[in-house]
Amino acid sequence: MSTIAFDPVWLPHRYDPQHDAIHFRHTSRAAHGAATFLTDEYLGEANPTIIARATALAQAGPPAPLRFILHSAFCCSTLLARAFDAPGLAMGLKEPVILNDLIGWQLRGGEGRQIANVLDGSLALLARPFAPGEAVVIKPSNVCNAMAPLMLQLRPQARALLLYAPLPVFLGSVARKGMDGRIWVRDLLLKQLKQGLHGFGFSGEDYLGQTDLQVAAMGWLAQHALFARLAAQVGNQVTTLDSELLLAQPEAAMTALCRFFGVPLDVQAVVSGPIFGRHSKFGQAFTTDDRTAERAAEAAHADEIAKVAIWAEAVAKAAGVPMQLPRPLLG
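Notes on the structure follow.

Cut-offs applied
Residues numbered from 1 in each chain as written. Predicted model: local features only at pLDDT ≥ 70, side-chain atom pairs only at ≥ 80, totals over all residues. Heavy atoms only, no water. Helix = DSSP H or I, 4+ residues; strand = E, 2+ residues; numbered from the N terminus. Rg over C-alpha atoms; globule rule 2.2 N^0.38 Å. Buried < 20%, exposed > 50% of the residue type's maximum accessible area, 1.4 Å probe, protein only. Contact = heavy atoms within 4.5 Å. Areas by Shrake-Rupley, 256 points an atom, 1.4 Å probe, with all protein chains shown as cover. Lys, Arg positive; Asp, Glu negative; His and termini not counted. Charge placed at Lys NZ, Arg CZ, Asp CG, Glu CD. Pairing = 2+ DSSP bridges. Axes fitted to C-alpha atoms, helices over the stretch in contact; angles between N-to-C directions. Salt bridge = Lys/Arg side-chain N within 4 Å of Asp/Glu carboxyl O. Polar contact = N/O pair within 3.5 Å; in protein donor to acceptor, adjacent residues only side chain to side chain. Expected span 1.5 Å × (residues − 1). Arc of directions from axis to C-beta. Phe/Tyr/Trp six-rings, centres within 6.5 Å; stacked < 30°, edge-to-face > 60°. Core = buried A, V, L, I, M, F, W, Y, C linked by side-chain atoms within 4.5 Å.

1. Points about the overall build of the protein
In terms of regular secondary structure, the protein is built from 18 helices and eight strands. Taking 20 Å as the expected radius of gyration for a compact globule of 331 residues, we find that the protein reaches 20 Å, a close match to that expectation. Expressed as lengths along the three principal axes of its C-alpha atoms, the size of the protein is roughly 60 × 45 × 40 Å. Evaluated residue by residue, the protein yields a buried proportion of 52% over its 331 residues. Of all intrachain contacts in the protein linking residues separated by at least 6 positions in sequence, the fraction that spans at least 24 positions is 79%. Accessible surface, the protein: about 14500 Å² in total, of which carbon and sulfur atoms supply 55%. Charge centroids of the protein, computed over 28 positive and 28 negative side chains, lie 4 Å from each other.

Below is the structure:
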């Protein structure tokens, strides 16, 4: 048991609040690299080893420096997490489910102090480095954004990138995904409402009367407002990046991010290698032409996207939410 809690090859995968226990699953570095996200869907089924949380924390080794990629979805966050899988320098963790478990517990009415205590321990277990001297870069699911202020409060030495796609690009991604994208944004809205992220003056009936892309825009605005507050509250602990700027200036963006994270990647090798040349979620070759073709597929929704973007900008202005976030990584 002590070897499991100490060894980073055992991923702290799930949290069971009923028994205050951590479910560990054996996950090699190669398995981390191959998986799009650290979910059973991508890792495959496995029988977990269950250890009481207090026991696991007592047996865990010293943590690595923590870095976060916080994101508003559809903005190259998985690509960046893959870029930080660099043996000897860093390890990228792509959407560990244990953090989603804490959000689920919170949404079911879990007590705030207990959740904070378990989050503190979960971060300690996720921060076990695969090799000496490595940083650990965690990319949570965007549903975990509501927990970001607490994560940064618990880890004042951590640094976080706040990554977002411009609103029209985000809306295009949702529209292109068809019914799945439209269901996803409504599910996100329900969770955000429970998390208290919507201070825009709309009632439940108002949201029900909005189109799917209006709902998508409100979900984006809620995350944008949270990122703006974080940038104001925690200062030098965070920096912000527009994903279109990342794609237009990958070498400059990666150089600045490595400097901010304190991780000396070979930026030129990363940018010219397979990570930036393949689809971050599906693995096939993905070129600038492919990205252009994706955008062209959104043409059927162009009128609605343009109108919703104008509407959302008016909502943002009334609520005092900046469309361009402060503390930019570039510029």
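2. Some points on the sheet that holds strand 1 (residues 10-16)
The strand order across the open sheet formed by three strands is 1-2-3, and the pairing between neighbours is antiparallel. A strand with exactly one partner marks an edge of an open sheet, and here the two such strands are strand 1 and strand 3 (49-52). Mean inter-strand twist for the sheet, computed between neighbouring axes without regard to direction, equals 35°. Sheet strands touched by helix 6 (residues 97-107): strand 1 and strand 2 (21-26). Its angle to strand 1, the strand with the most contacts, is close to 10°.

3. Here's the deal with the pattern of salt bridges
Following the criterion strictly, the structure yields 12 salt bridges and no others. The salt bridge involving R182 is made with D212; its shortest N-O contact spans 3.6 Å. Here R182 is found in helix 10 (residues 178-194), whereas its partner D212 is found in helix 12 (residues 212-234), with 30 residues between them in sequence. On the accessibility criterion, D212 (23% relative accessible area) is partly exposed.

4. Concerning the side chain of S77
Position of S77 relative to the elements: it lies in helix 5 (residues 77-83). We classify S77 as buried; its relative accessible area is 4%. Reaching out from S77, the side chain makes a polar contact with the side chain of K139 at a distance of 3.3 Å. Excluding residues that lie within four positions of it along the chain, S77 makes contacts with I69, H71, K139 and L163.

5. Brief notes about helix 18 (residues 302-319)
Between the first and last C-alpha of helix 18 there are 25 Å, a value that for 18 residues agrees with the 26 Å anticipated at 1.5 Å per step. Buried within helix 18 we find I305, V308, A309, A312, V315 and A316. Buried residues along helix 18 cover an arc of 125° about the axis, so they all sit on one side. Facing away from the buried surface of helix 18 by more than 90 degrees, the exposed residues are D303, K307, I310, K317 and A318.

6. What to know about helix 10
Here helix 10 spans 25 Å end to end across 17 residues, near enough to the 24 Å set by a 1.5 Å rise per residue. Residues of helix 10 that are buried include every one of G181, R182, V185, L188, L189 and Q192, and no others. Projected down its long axis, helix 10 shows its buried positions confined to an angular sector of 120°, all on one face. Set apart from the buried face of helix 10 by more than 90 degrees, the exposed residues are M179, D180, L190 and K194. Considering only its buried residues, helix 10 is in contact with helix 9 (167-176), helix 11 (204-208), helix 12 and helix 18. Of the residues flanking the end of helix 10, it is G196, one or two places downstream, whose phi is positive at about 75°.

7. Observations regarding the packing of aromatic side chains
In total, this model carries eight aromatic pairs according to the counting rule given. On the basis of an interplanar angle of 50° and a centroid distance of 5.1 Å, the ring pair of F74 and W184 is categorised as tilted. Of the two residues, F74 is situated in the loop between strand 4 (66-71) and helix 5 and W184 in helix 10; the sequence distance between them amounts to 110 residues. Taking the relative accessible area as the measure of exposure, F74 reaches 25% and is therefore partly exposed. Assessed through its relative accessible area of 28%, W184 is described here as partly exposed.

8. Some remarks on the nonpolar core
With 76 residues, the main nonpolar core has F68, L70, L99, I138 and L221 as its most contacted residues. Here this core takes 13 residues from helix 12, the largest share from any one element. Residue contacts for L221: discarding those within four places in its chain leaves F200, A312, V315, A316, V321 and M323. By size, the runner-up hydrophobic cluster in this structure holds 33 residues, among which are A135, A256, L265 and F276.

9. Thoughts on the pairing of strand 6 (residues 135-139)
Consecutive side chains along a regular strand alternate between the two faces of the sheet. In terms of burial, strand 6 is largely enclosed, as five of its five residues are buried. Alternating positions in strand 6 separate into two faces, A135, V137 and K139 on one and V136 and I138 on the other, with burial throughout. Across three bridges, strand 4 lies against strand 6 in parallel orientation. Bridge assignment links R67 to a residue of strand 6, and that residue is V137.

Scope: geometric values only; no functional claims are made or implied.
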